[in-house]
Amino acid sequence: MSTKTGLPLGIDVGGSGIKGAPVDLSKGAFAAKRKRIDTPERSTPEAVADVIDQIVDHFDDVRGDSPIGITVPGVVTHGVVRSAANIDKSWLDFDAEPMLEKKLGHDIVLVNDADAAGVAELHYGAAKGQKGLVILTTLGTGIGTALIHNGTLIPNSELGHLELDGFDAEKRAASSIKDVEGLSYPEWAKRLQRYYSHLENLLWPDLIVVGGGVSKDHEEFLPLLDLRTKIVPAVLENKAGIIGAAHLAQEYHDSH
Ligand code: BGC
């Protein structure tokens, strides 16, 4: 392990790519160009750890002995992945944090991808300074959600799996479903309307933030929604997971 102090890294483990960057926490921005490597076909913890190792090495000049935050598309409690809707099932109940710490030689914080994005939007983006309850949703392969109450993350909310019209909500309203079923924006917006009105009737949030890659096209669908809750696009787009993961890793490191 290096003894240089440096910048925390954020690593985003997704279904098709594993991406990482060092993060300048004073700005909430990448401090160097993001590095991306394809997710291995079988995304087991060991195979993913090998790719993360390459990404960490790529940033050898800036990382020092700083902590690394890693996002996964599943529930994480106490460093253990507990659900695997869109990742290899061998992550389930696997104690990943110690394995990654040993392999990478850094302090590791493992976090749900949507929770990391929520933390980034809270500190640097669309939810900054928002009082009360914020729900961040990421629309992608699945639907990820983060609940933040008065600036505190309530982790692992998993509201993409609410039941909607007899279906798992993400199987109706994720942006991947829009693509698979060839839905137009107005057709997809009808599904989002059902989803977000269900969400606001259950939780009465003060703000809904819409993230995920498709949020850059927000003008095509957000104006079609009729909700009582203010709904806005995420500001950090697909950088949010990496920035939030690095933020959480540094915060954890500083408090231990
Ligand atoms: C998973 C969540 C994840 C979301 C977005 C869902 O299928 O259950 O944990 O945040 O996809 O990746």
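Check the entry above for the structure.
Here the residue index of a chain counts from 1 through its sequence in written order. The model is predicted, so local features are restricted to residues of pLDDT at least 70 and side-chain atom pairs to those at 80 or more, both for listing and for counting; the totals for chains, interfaces and linings are taken over all residues. Note that water and hydrogens are dropped before the side-chain values are worked out from all heavy atoms of the structure.

What about the overall build of the protein?
Heads up, the condition is: Going along the chain from the N terminus, every DSSP run of H or I of four or more residues is numbered as a helix, and every run of E of two or more is numbered as a strand. Every radius of gyration here is taken over C-alpha atoms, with the globule rule written as 2.2 Å times N^0.38, N being the number of residues. Note on areas: Shrake-Rupley with a 1.4 Å probe; residue coverage comes only from the protein chains shown. In this tally, Asp and Glu contribute negative charge and Lys and Arg positive charge; neither His nor the terminal groups of the chain are included. Taken as the charge centre is NZ of Lys, CZ of Arg, CG of Asp or CD of Glu, depending on the residue.
If you tally the helices and strands in the protein, you get eight helices and 15 strands. Taking 18 Å as the expected radius of gyration for a compact globule of 256 residues, we find that the protein reaches 18 Å, a close match to that expectation. Oriented by its inertia axes, the alpha-carbon framework of the protein measures out at about 55 × 40 × 30 Å. Roughly 11600 Å² of accessible area belongs to the protein as shown, and the carbon and sulfur atoms make up 49% of that amount. The average position of the 25 basic charges and that of the 37 acidic charges among the side chains of the protein differ by 3 Å.

Section: the sheet that holds strand β9 (residues 133–139)
Applicable threshold: At least two bridges found by DSSP between two strands is the condition for calling them paired. Axis geometry follows a simple rule: fit a line to the C-alpha atoms, using only the stretch in contact for helices, then measure angles between N-to-C directions, giving values from 0 to 180 degrees.
Strand order in the open sheet made by the five strands is β11-β10-β9-β14-β15, with mixed pairing throughout. Edge strands, defined here as strands with exactly one partner in the open sheet, are β11 (152–154) and β15 (230–233). Taken over all neighbouring pairs, the strand axes of this sheet differ in orientation by 25 degrees on average, direction set aside. Where β9 meets strand β14 (residues 207–211), five bridges bridge the pair, whose relative direction is parallel.

Some words on the site of the ligand
Heads up, the rule is: Whether a residue is near a molecule or strand depends on its heavy atoms: if one lies within 4 Å, it is near. Polar contact is defined as a pair of N or O atoms within 3.5 Å, subject to the rule that within protein one atom must be able to donate a hydrogen and the other to accept it, and that residues adjacent in sequence are counted only when both atoms are side-chain atoms. Residue classes follow a fixed rule: Ala, Val, Leu, Ile, Met, Phe, Trp, Tyr, Cys and Pro count as nonpolar, while Asp, Glu, Lys and Arg count as charged, and any other residue, Gly among them, counts as polar.
Within the structure, the ligand sits among Pro73, Gly74, Val75, Ala85, Asn86, Asn112, Asp113, Ile143, Gly144, Glu158, His161 and Glu170. In this structure, an oxygen atom belonging to the ligand sits 2.9 Å away from a side-chain N or O atom of asparagine 112. At 2.5 Å from an oxygen atom of the ligand is found a side-chain nitrogen or oxygen belonging to glutamate 158. Look at the ligand: alone it shows 310 Å² of surface, and the protein chains cover 94% of it. Counted by class, the shell around the ligand contains four nonpolar, five polar and three charged residues.

Describing the pattern of salt bridges
Note the cut-off: Throughout this description, the term salt bridge denotes a Lys or Arg side-chain nitrogen within 4 Å of a carboxyl oxygen of Asp or Glu. Relative accessibility decides the category of a residue: with a 1.4 Å probe and only protein chains considered, values under 20% of the type maximum give buried, values over 50% give exposed, and everything between is partly exposed.
Inspection of the entire model under this criterion finds ten salt bridges. The shortest N-O distance in the salt bridge between aspartate 57 and arginine 63 comes to 3.9 Å. Judged by its relative accessible area of 45%, aspartate 57 falls in the partly exposed class. Taking the relative accessible area as the measure of exposure, arginine 63 reaches 10% and is therefore buried. With its nearest N and O atoms 2.8 Å apart, the salt bridge here joins glutamate 181 to arginine 191. A residue pair is termed long-range when its members are at least 10 positions apart, and glutamate 181 in helix α6 (residues 175–181) and arginine 191 in helix α7 (residues 185–203) qualify at ten residues. When its relative accessible area of 41% is taken as the criterion, glutamate 181 is described as partly exposed. Overlapping salt bridges bring together Asp57, Asp60 and Arg63 as one network.

Concerning the nonpolar core
Defined as follows: To qualify as a nonpolar core, a set must consist of buried Ala, Val, Leu, Ile, Met, Phe, Trp, Tyr and Cys residues joined through side-chain atoms within 4.5 Å. Contacts: residue pairs with any heavy atoms within 4.5 Å of one another.
Of all hydrophobic cores here, the largest spans 28 residues; its most connected members are Leu139, Tyr195, Tyr196 and Phe221. Counting only elements with at least two residues in this core, the list comes to β9, β10 (143–149), α7 and β14. The leading source of residues in this core is α7, at seven residues. For leucine 139, the residues in contact, after removing those within four places along its chain, are Ala173, Ser175, Trp188, Leu192, Tyr196, Val210, Gly211, Gly212, Gly213, Val214 and Phe221. One finds Val13, Ile37, Trp91 and Leu110 within the second-largest nonpolar core, a separate group that totals 25 residues.

Structural notes on helix α3 (residues 96–104)
Stated precisely, the cut-off is as follows: Here the arc refers to the set of directions running from the helix axis out to each C-beta atom.
Of the positions making up α3, those classed as buried are Ala96, Glu97, Leu100 and Leu104. Angular distribution of buried residues about the axis of α3 spans 95 degrees; they occupy a single face of the element. Against the buried residues of α3 lie α1 (45–58), β5 (68–72) and β8 (108–112). Positive backbone phi, at 70 degrees, marks glycine 105, one or two positions downstream of α3.

Observations regarding the environment of aspartate 107
Tracing the backbone shows aspartate 107 in the loop between α3 and β8. Note: C-alpha distance between aspartate 107 and histidine 253 (146 residues apart in sequence) is 7.4 Å. The contacts of aspartate 107, once residues within four sequence positions are left out, are Pro67, Ile68, Glu101 and His253. Among the polar contacts listed, one links the side chain of aspartate 107 to the side chain of histidine 253, at a separation of 3.0 Å.

Regarding the pairing of β8
With five of its five residues buried, β8 lies for the most part within the structure. Across the two faces of β8 the burial is the same, with Ile108, Leu110 and Asn112 and Val109 and Val111 all buried.

Any functional reading would require information beyond the geometric quantities listed.
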